[in-house]
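Below, each chain spelled out in residue letters.
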2 protein chains.
Amino acid sequence: MREPKTGNNKYLKELNQATILDLIRTTAGISRKALADRTGLSATATGAIVKELLGAEFIREVGEGKSSGGRKPVMLELNPDSYYAFGFDIDMRFIYAVVLDITGKIHYEEKWENKSSLTPEEAVRQIRRIFDTVVSDLKLRKERILGVGVSIPGMLDITTRKIYLAPNLGWSDVDIREGLSQELDVPVYLDNEAMCSAFCENWLGICRGVEDFICINIESGIGAGIFVRGKIYRGYTGSAGEVGHISVDENGPRCKCGNVGCLETMASISAMAQKYRELVGETCPAVSENTIDQNFEALLKGAREGEPACLRIFRTAAVSLGKAIGYLINAFNPQTIVLGKKFPQYAGLVLDDIAKSAARTALAHLAESCTIVPSSFGENSSALGAAIIPIRKLFGK
Amino acid sequence: MREPKTGNNKYLKELNQATILDLIRTTAGISRKALADRTGLSATATGAIVKELLGAEFIREVGEGKSSGGRKPVMLELNPDSYYAFGFDIDMRFIYAVVLDITGKIHYEEKWENKSSLTPEEAVRQIRRIFDTVVSDLKLRKERILGVGVSIPGMLDITTRKIYLAPNLGWSDVDIREGLSQELDVPVYLDNEAMCSAFCENWLGICRGVEDFICINIESGIGAGIFVRGKIYRGYTGSAGEVGHISVDENGPRCKCGNVGCLETMASISAMAQKYRELVGETCPAVSENTIDQNFEALLKGAREGEPACLRIFRTAAVSLGKAIGYLINAFNPQTIVLGKKFPQYAGLVLDDIAKSAARTALAHLAESCTIVPSSFGENSSALGAAIIPIRKLFGK
C-alpha cells in the first residue's frame, strides 16, 4: 500500500535512499535534478538524501555535467574506497577470500590452501583469522564493513540459512552463520555456491542487466544459479539449479545420487579427470581432490598440445553438457547461459561443440535467442558473489 | 518510489482499490476495520473505497461478524453475478468457450466443434458468434464484461502479443487481438495455452497460493506453464515451458522439431494413440486429430479393462513423463507439478509409475518436497485460465 497509516517512515526513507543510491550506481555521473526526475521525488527530498549520502561518504561529487541553460549541474558517483564487503568461498581444499568496495573494485583476493577438508569450527576460525589479517593490512574501519558473505558448496535451509548438507565438505545440519557473526561482529550472509556465482555474473559480469540467465559452475561437481526476472530463483525449498543431476546418458556411469548418466558423471572436472586416468592407465581410484586437479591439469595440457585422445575427452563431455543446456533452454528460455569456475580454462576447446549440441536438443528459436558464454571470472566467482550479497542490500536489491 | 511528485493519484487509487478487492477475495467475509488494519490505510480511505466498490457492485455486504465490544461489524464479500469474463481456447478441432464471474463461478461452458482447423479469420468470426450468442442468452450487460481471454496453442511475441507460430493450427505471424477487440468491443488478451492452464490452476485449482509450480498439459503435444514466485514465468522471448521437447530417449523416434526421443514423441496423446494403432495393426498414418482421439479412446478403454498391452503403452509413456518431471524437479525445485488436459482421464492408471520414475531421476530431497498431482480440471483448463486473465487484472495481479 502506498498510504501507510502509521509510522514506517524509516522504511520509506531507507527505500528512497537505496533507490537513489542504485540510480547513482547504474548511471555513472548523474545530477540531482536527473535523480529527482527519475524517481519522482521532490527536489528538496532528493537534495536531502544526496546530502546524507555525501555526508556518509557513500557517494562523491565529480566534475560538472552539461548545462541545459542555467548553472552547470554537479554530477554524482559512487565513492570508491569508502565501504567494503568480504566474500569467502569454502571449498574442499581452499578458502577463497575477497574484499570489494561498493563500486565492485577488488581490494583483496587470495586463495588459502588447506591440507584437508575443514570442519565447520575450523572454517569459522580460519575465516576469522583471514578477516582480522585483512582488516588490519588494508586498515579498514570496522564501521565501513557492510558485511561478510560466505559461499557454501551445499544446500541451505531457505529460511534459517542453516547448512543442511554440504556433501563435499562432509557437513550436515550446521549453523556457522551465528558463530561467524559473533566472531566477526559484522552482518554475515550465507548462500549456495552456484547462486553466489550467479550474483557475481549479474552484478559484475556478463549478465549485468540480464533478467533471465543460468550460471552453470563446472568443478568437481556441476551446479547452477538461476536468475528469473532479475532475481535469484531459489525454488520451493531453496535448492533450484541442481542441473548436475540431470541424466544425459541412459548408459552412463552410476552417480552417487543413485541415478545413472547424471551430467556430473559425464562433464564435471572429476569425470574428465577420471577418464584421463583411464586413458593413461592409472587404475587405483582418484580419491582426493588433489588427484583430480593434477589429472585435470595433465589432461588440459594434453588437449592444448593437440593430443587427440585428450581432446576427445573434452569434446565428449561438451556434447553431454550441451545436451543438458538444450533441456534448460527449452524449459527456461533464458537470454544467457554462463559457464563458470574451471570452464573458462578450456572454453576455447569446446564452446562450439557445446553450442552445436545444445542447438540439437533445444528448439531452434529458443536456441537462437540464447547466448552461451564462458564466465569472465575464474574460480573466485563464488567468493566475489558472496561479497556482493551485503553490497546488493545497500542498493535495495 | 513512495513519494510521487506529480499526480499519479489515479494510479494510487486504483492500486489501493485492487488491494482491497483482493483482500476481500482472499479473506471470505472481512470487515472494513480488518481491511484498514491489513492495508495500513486509514478508516476513512478504506471506507471510501469500500463505498465505491459497493456502488459499482463488485462487492456486497453479507451478515454480521463477531463483535469485539461495540457494534457488530458488517462483513464484505465479492459479489457473484456482477462482472464477467469470457475465455476461449482455440484448439485444432474445437473452440472451448467459458464465462466466469469475478468469484470464479462458471456461468457458461461449451465445446464447439469444427470440421477442420480454422483460419485466423474464421476463428475471429466464430468467437464473435459465440460471444454474441452467449451475451444475449445470459443477458449480460456489455459494461459488466471485464474482457475476453484467448488461449492459443502456440508462441506469442512477448510484447506485441502477435502469434508468431501456432504449428497445429497452421498459423504464423498473425495478430488476431486487434481484430477481436474491434469485433467484440471489450478488452482482449491473448496467451499461450499452457500458460493459461497454469493461470487456471493458480486461481481456481490446486495451486492456489502455491508460489512455484509447473503445470504440464498432456494433449496431442506436451507443453508447460511455469509459475515462479507467484507469477507466470515467460522467459526471455516468452517461450519458457517447452518441456515437450526435452529428450528422454536417445533411441526414441524422431520428433518434428528435428531431435530424437522428445517427451512429446514418447508420452503425448498422439504418441500413445500411434502405439495403439501399431498394436492393433493399423498401418496408414494417423493424420487427423480425429483419428488420434478415436485411437486414444480405444486405448483407454482397453487399459481400463485391464488389457496388458494397453496398460503397457500407458506405463511406458508414464516412465518417460516421470523422467522429464525428474529433470524439471532438479532444475526448478517446484512445490507442485500438476498434470492436465487429457491426463486426468488416465491419471489413476499411471500416477504411481510417474512418481516412481521422477523419484529415480530427481535428487531425493527435491523429489520428496514436490507433489505430483492430476489437474482437477479437464480439457477446458486453458479456456478457464484465459477468462481469468481479465479477472486477475481487476485484483491488481
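Cut-offs and rules
- Every residue gets a number counted from 1 within its own chain, in the order that chain's sequence is written.
- Throughout, the order in which chains and ligands are written sets their labels, letters from A for the former and numbers from 1 for the latter.
- Local features in this predicted model are restricted to residues of pLDDT 70 or higher, and side-chain atom pairs are both shown and tallied only at a pLDDT of 80 or more, whereas totals for entire chains, interfaces and linings draw on every residue.
- Just so you know, side-chain values use all the structure's heavy atoms and leave hydrogens and water out.
- In this entry, domain limits derive from an automatic or database-based domain assignment.
- Any two residues whose heavy atoms approach within 4.5 Å at even a single point are treated as in contact.
- Buried area is understood as the total, over both parts, of accessible area removed when two parts are fitted together, assessed with a 1.4 Å probe.
- What counts as a salt bridge is simple: a side-chain nitrogen of Lys or Arg found within 4 Å of a carboxyl oxygen of Asp or Glu.
- The term polar contact refers here to a pair of N or O atoms within 3.5 Å; inside protein, the definition further demands a hydrogen-donor-capable atom paired with an acceptor-capable atom, and it admits residues adjacent in sequence only when both atoms are side-chain atoms.
- Nonpolar residues are Ala, Val, Leu, Ile, Met, Phe, Trp, Tyr, Cys and Pro. Charged residues are Asp, Glu, Lys and Arg, and all others, Gly as well, are polar.
- By definition, any uninterrupted DSSP run of H or I lasting at least four residues is a helix, any uninterrupted run of E lasting at least two residues is a strand, and each is numbered from the N terminus.
- Think of a 1 Å grid over the protein atoms and nothing else: a 1.4 Å probe that fits but is trapped marks a cavity, an open set flanked by protein within 12 Å on at least five of seven lines marks a pocket, and residues with an atom within 4 Å of a point count as lining.
- Grid points are joined across faces, edges and corners, and a volume is the space filled by probe spheres set on the points.
- Here the term buried applies to any residue with accessible area under 20% of the maximum for its type, exposed to any over 50%, and partly exposed to those in between, with areas from a 1.4 Å probe on protein chains only.
- Superposition of the copies used a least-squares fit over C-alpha atoms from residues whose pLDDT is at least 70 in both.
- In short, DSSP must find at least two bridges between two strands for them to pair.
- Note on definitions: angles span 0 to 180 degrees between N-to-C directions of axes, and those axes are lines fitted to C-alpha atoms, for helices only across the stretch in contact.
- Here is the rule for angles: anything less than 35 degrees is roughly parallel, anything more than 145 is roughly antiparallel, 65 through 115 is roughly perpendicular, and the remaining ranges are oblique.
- Left-handed describes a crossing whose near helix is turned anticlockwise from the far helix by less than a right angle; the clockwise case is right-handed.

Undergrad: Quick question: what am I supposed to make of the domain arrangement of chain A here?
TA: By convention, interface size is frequently given as the accessible area that disappears when the constituent parts associate. All names here are of chain A. By the assigned domains, chain A splits into domain 1 (9-78), domain 2 (84-201 + 382-394) and domain 3 (208-375). If you average the C-alpha positions of domain 1 and of domain 2, the two centres end up 32 Å apart. Every contact between the two is made by six residues of domain 1 and, on the other side, four residues of domain 2. Roughly 470 Å² of surface becomes buried between domain 1 and domain 2 when both sides are summed, with 66% attributable to carbon and sulfur atoms. On the surface where domain 1 and domain 2 come into contact, there are one salt bridge. A salt bridge links Arg 144 to Glu 57, with the nearest nitrogen and oxygen atoms 2.9 Å apart. At the boundary of domain 1 and domain 2, one finds one residue pair in polar contact (both at pLDDT 80 or more). A breakdown of the residues in the side of domain 1 that touches domain 2 according to their chemical character gives five nonpolar, no polar and one charged.

Undergrad: Would you mind going over the side chain of Lys342(A) with me for this structure?
TA: Residue and element names in this part refer to chain A. If you trace the backbone, Lys 342 turns up in the loop between β14 (336-341) and α11 (347-361). Here Asp 293 takes part through its side chain, which lies 3.4 Å from a polar atom of the side chain of Lys 342. In this structure Lys 342 touches Ile 218, Glu 219, Ile 269, Asp 293, Phe 296 and Glu 379, once residues within four positions along its chain are discounted.

Undergrad: Which parts of the structure should I look at to understand the interface of chain A and chain B?
TA: Each side of the interface is counted separately: chain A has 56 residues, and chain B has 57 residues. Inspection of the chain A/chain B interface yields two salt bridges. In this structure, Glu250(A) and Lys323(B) form a salt bridge, with 3.1 Å as the shortest nitrogen-oxygen distance. Counting across the chain A and chain B interface gives 26 residue pairs in polar contact (both at pLDDT 80 or more). Elements represented by at least two residues in the side of chain A that touches chain B include exactly α1 (9-26), α2 (32-39), β12 (222-228), β13 (231-232), α10 (308-332), α11 and α12 (364-368) of chain A. Per-element tally for the side of chain A that touches chain B: the top contributor is α10(A), with six residues. Here the side of chain A that touches chain B is built from residues that sort into 24 nonpolar, 19 polar and 13 charged.

Undergrad: For this particular structure, what's the right way to read empty space enclosed by the protein?
TA: Rolled over the atoms, a probe sized like a water molecule indicates the empty space that remains. Applying the stated criterion across every chain yields a total of four cavities of 30 Å³ or more. In this structure, the largest cavity encloses a volume near 60 Å³. Where the lining of the largest cavity is concerned, the elements lending two or more residues are α10 of chain A together with α10 (308-332) of chain B. Taken together, the residues of the lining of the largest cavity break down into four nonpolar, two polar and six charged.

Undergrad: Could you clarify how one ought to interpret the pattern of salt bridges in this entry?
TA: Where side chains of opposite charge bring their charged atoms close, a pairing between them can arise. As enumerated under the stated definition, the model contains 46 salt bridges over all chains in all. The residue Asp293(A) makes a salt bridge to Lys342(A) at a minimum N-O spacing of 3.4 Å. Of this pair, Asp293(A) sits in helix α9 (residues 289-304) while Lys342(A) sits in the loop between β14 and α11, and the two are 49 residues apart along the sequence. Judged by relative accessible area, Lys342(A) falls into the buried class, the value being 9%. Between Arg141(B) and Glu143(B) there is a salt bridge, with the nearest N and O atoms lying 3.1 Å from each other. On the basis of relative accessibility, which here comes to 46%, the residue Arg141(B) falls in the partly exposed class. The network of salt bridges with shared partners includes Arg93(A), Glu113(A), Asp293(A), Lys342(A) and Glu379(A).

Undergrad: In this structure, what is going on with the relation of the copies chain A and chain B? I would like to understand it.
TA: Each of the two copies of the chain can be brought onto the other by a rotation about an axis and a shift along it. By a simple turn and slide, chain A fits onto chain B: the slide is 0.1 Å along the axis, the RMSD is 0.1 Å, and the turn is 180 degrees. The superposition of one copy onto the other is thereby described by a two-fold rotation axis. Taken together, the interface assignments show that 100% of the residues at the interface of chain A recur at the interface of chain B, consistent with an identical surface on both copies.

Undergrad: Just to check I follow, could you spell out the sheet that holds strand β3 (residues 74-78) of chain A for this structure?
TA: The strands that make up a sheet are held in pairs by hydrogen bonds between backbone atoms, and each pair lies either parallel or antiparallel. Residues and elements named next belong to chain A. With antiparallel pairing, the three strands of this open sheet are ordered in space as β1-β3-β2. The strands lining the two open edges of the sheet, one partner per strand, are β1 (30-31) and β2 (59-64). Direction of pairing for β2 relative to β3: antiparallel, over a ladder of five bridges. Among the inter-strand pairings, Ile 59 is bridged to a residue of β3, identified as Leu 78. Against the sheet, helix α3 (residues 43-55) makes contact with β2 and β3, and its axis sits at roughly 110 degrees relative to β2, the strand it touches most.

Undergrad: Would you take a moment to explain the packing of helix α8 (residues 269-280) of chain B against α10(B) for this structure?
TA: When two helices pack together, you describe them by how their axes are tilted relative to each other and by the distance separating the axes. Residues and elements named next belong to chain B. Packing of α8 against α10 leaves a shortest axis separation of 10 Å and a crossing angle of 150 degrees. In terms of axis orientation, α8 runs roughly antiparallel to α10. Seen from above, α8 lies across α10 with right-handed handedness. Facing Met 272, Lys 275, Tyr 276 and Leu 279 of α8, the residues of α10 in contact are Ala 309, Cys 310, Ile 313, Phe 314, Thr 316 and Ala 317. Within the contact of α8 with α10, the residues separate by chemical class into eight nonpolar, one polar and one charged.

Undergrad: Help me understand the sheet that holds strand β15 (residues 371-374) of chain A, please; the structure alone is not making it clear to me.
TA: All names here are of chain A. Strand order in the open sheet formed by five strands is β13-β12-β11-β14-β15, with mixed pairing between adjacent strands. In this open sheet, the two edge strands, each paired with only one partner strand, are β13 and β15. Judged from the four bridges that link them, β14 and β15 form a sheet pairing that is parallel. Its bridge partner lying in β15, Ile 337 is registered against Ile 372. Contacts between α11 and the sheet are confined to β14 and β15, with β15 contributing the most and set at about 160 degrees to the helix.

Undergrad: It is not clear to me how the environment of Tyr346(A) should be interpreted in this structure. Could you clarify?
TA: Residue and element names in this part refer to chain A. Tracing the backbone shows Tyr 346 in the loop between β14 and α11. Taking the relative accessible area as the measure of exposure, Tyr 346 reaches 4% and is therefore buried. Sequence separation between Tyr 346 and Pro 374 is 28 residues; the distance between their C-alpha atoms is 9.3 Å. Excluding residues that lie within four positions of it along the chain, Tyr 346 makes contacts with Ile 218, Ala 267, Ile 269, Met 272, Phe 296, Leu 300 and Phe 314.

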